[in-house]
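Close look at the chain arrangement
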Amino acid sequence: MKKILDYPLSIIYLIHFGLTLLVFHVIQVIAYNVFGKKVHKVAVDILNFFLTFGIYLTYSRISLVNHTVIPDNRTIIFVANHQSTFDIPALIWLLRKYHPRFVSKIELSKGVPSISYNLRKSGAALINRKDSKQAVMEISRLGKLIFEEKSSAIIFPEGTRTASGIMKPFIAGGVATLLKRAPDALVVPIAIAGTGAFNPKGIFPLKSFSDLSWTVLPGIEPAGRKVEDILEEAQEAIRSSIGTPRA
């Protein structure tokens, strides 16, 4: 019965998803060009509220949990496992207080209503994965930005999505570049579970009645430590939280 419901419930949510992106694309353009960056950020936060909690239309359960105290007025580098496109709206909503910017592939900067516009205007690092020099320069720019603002960045150190939930090894390069430009940053792991199973066959059909969770874990002080050791600790904490074996 649940598999049968996957199709109509997916259609309902994806209509909601698409219309939300279209409506908020217009809202973002007006907010940014008429009222400025602060109002634009509020529009983006509200956009991601609707994208996240719209998942309830599939009768799925959403858990947004914070298991730590994230300091104010300090640079934060959030590192998360990555299972699905649906990871991102909840991250933006959950972490909205910290003004997170993403390290994202440059292909997403065009062609997707709302999402592409926000990536271009928010200061995200848009990297060309075929051009390592450009990628390093973009991530370095983002590191300098979050250091000066005492804001945050979100990076997926696996470098790609793993819908199975079994994580690939975390790659140190991006986090190392961020830390080089933001040496005071606290590294905070985030464990994401269930989003890969939510869309196992791509965007359609989604799996209704899923359990989805985003859990902020205790931060890791990087001072005096190798980036590889920091990421190994972060990945182990994520793995323990979501209960998945090593790859």
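One numbering rule holds for all chains: residues counted from 1, following each sequence as written. The model is predicted, so local features are restricted to residues of pLDDT at least 70 and side-chain atom pairs to those at 80 or more, both for listing and for counting; the totals for chains, interfaces and linings are taken over all residues. Processing note: side-chain calculations cover all non-hydrogen atoms of the structure and skip hydrogens and water entirely.

A look at the overall build of the protein chain
We apply this condition: Note on conventions: DSSP H or I runs of at least 4 residues are helices, E runs of at least 2 residues are strands, and numbering of each starts at the N terminus. What the globule rule says is 2.2 Å times the number of residues to the power 0.38, and the radius of gyration is computed from C-alpha atoms. Residue exposure (1.4 Å probe, protein chains only): buried if accessible area is under 20% of the type maximum, exposed if over 50%, otherwise partly exposed. Should any heavy atoms of two residues lie within 4.5 Å, those residues are counted as being in contact.
Counting its regular elements, the protein chain contains 8 helices and 7 strands. Its C-alpha radius of gyration of 18 Å places the protein chain within 12% of the 18 Å reference for a compact globule of 247 residues. Along the longest, intermediate and shortest principal axes, the C-alpha atoms of the protein chain span 55 × 50 × 35 Å. Residues classed as buried in the protein chain amount to 50% of the 247 residues present. Partitioning the contacts of the protein chain with sequence separation of at least 6, the portion at a separation of at least 24 is 74%.

Examining the nonpolar core
Definition in use: We define the nonpolar core as a collection of buried residues of types Ala, Val, Leu, Ile, Met, Phe, Trp, Tyr and Cys that are connected through side-chain atoms lying within 4.5 Å of one another.
Counting 32 residues, the largest nonpolar core has Phe78, Leu91, Leu95, Ile190, Trp214 and Val216 as its most contacted members. Secondary-structure elements contributing two or more residues to this core are helix H1 (2-35), helix H2 (37-53), strand S2 (76-80), helix H3 (87-94), strand S6 (186-193) and strand S7 (211-216). In terms of nonpolar packing, the next biggest core, distinct from the first, is built from 30 residues, Val79, Ala135, Leu179 and Ala182 among them.

Brief notes about the UniProt feature "domain: Phospholipid/glycerol acyltransferase" (unreviewed entry) in the protein chain
Cut-off, in case you're wondering: UniProt positions are given in the numbering used here, feature names are shortened, and annotations may be inferred rather than shown by experiment.
Per the UniProt record, the feature "domain: Phospholipid/glycerol acyltransferase" (unreviewed entry) sits at residues 76-195. Between the end C-alpha atoms of residues 76-195 the distance is 24 Å, and the span holds 37% helix and 22% strand.

Some points on the UniProt feature "transmembrane region" (unreviewed entry) in the protein chain
In the numbering used here, UniProt assigns the feature "transmembrane region" (unreviewed entry) to residues 12-35 and 42-59. Secondary structure across residues 12-35 comprises 100% helix and 0% strand; the distance between its end C-alpha atoms is 33 Å. Helix makes up 67% of residues 42-59 and strand 0%, with an end-to-end C-alpha separation of 27 Å.

Re the packing of aromatic side chains
Where we set the bar: Two aromatic rings, drawn from Phe, Tyr or Trp (for Trp, its six-membered ring), form a pair once their centres lie within 6.5 Å of each other, and the interplanar angle then sorts them: stacked below 30 degrees, edge-to-face above 60, tilted otherwise. Placement of a charge over a ring requires the Lys NZ or Arg CZ to be within 6 Å of the ring centre, with the centre-to-atom vector within 35 degrees of the ring normal.
In total, this model carries 14 aromatic pairs according to the counting rule given. Ring geometry for Phe49 versus Phe53: centroids 5.0 Å apart, planes at 45°, classification tilted. One end of the pair is Phe49 and the other is Phe53, both in helix H2 and 4 residues apart, which spans about a single turn. Overall, the relative accessible area of 32% leaves Phe49 in the partly exposed class. Exposure remark for Phe53: the relative accessible area of 24% places this residue in the partly exposed category. Taken together, the aromatic side chains of Phe24, Phe49, Phe50, Phe53, Tyr56 and Trp93 make up a single cluster linked through ring pairs. Positioned above the aromatic ring of Trp93 is the side chain of Arg96, whose terminal nitrogen or guanidinium carbon lies 3.6 Å from the ring centre. The ring of Phe147 is capped by Lys150, whose NZ or CZ atom sits 4.1 Å from the centre of that ring.

A closer look at the packing of H1 against H2
The test is simple: To define axes, lines are fitted to C-alpha atoms, for helices over the stretch in contact only, and angles between the resulting N-to-C directions are given on a 0 to 180 degree scale. Small angles under 35 degrees read as roughly parallel and large ones over 145 as roughly antiparallel, with 65 to 115 read as roughly perpendicular and the rest as oblique. Under the convention adopted here, Pro, Cys and the residues Ala, Val, Leu, Ile, Met, Phe, Trp and Tyr are nonpolar, Asp, Glu, Lys and Arg are charged, and Gly plus all remaining residues are polar.
Orientation of H1 relative to H2, taken along the N-to-C sense of each, is 175°, at an axis distance of 8 Å. Judged by the angle between their axes, H1 and H2 are roughly antiparallel. Contact residues: Tyr13, His16, Phe17, Thr20, Leu21, Phe24, Ile27, Gln28, Ala31, Tyr32 and Phe35 in H1; Lys37, Val39, His40, Ala43, Val44, Ile46, Leu47, Phe50 and Leu51 in H2. For the contact of H1 with H2, the per-class residue count stands at 15 nonpolar, 4 polar and 1 charged.

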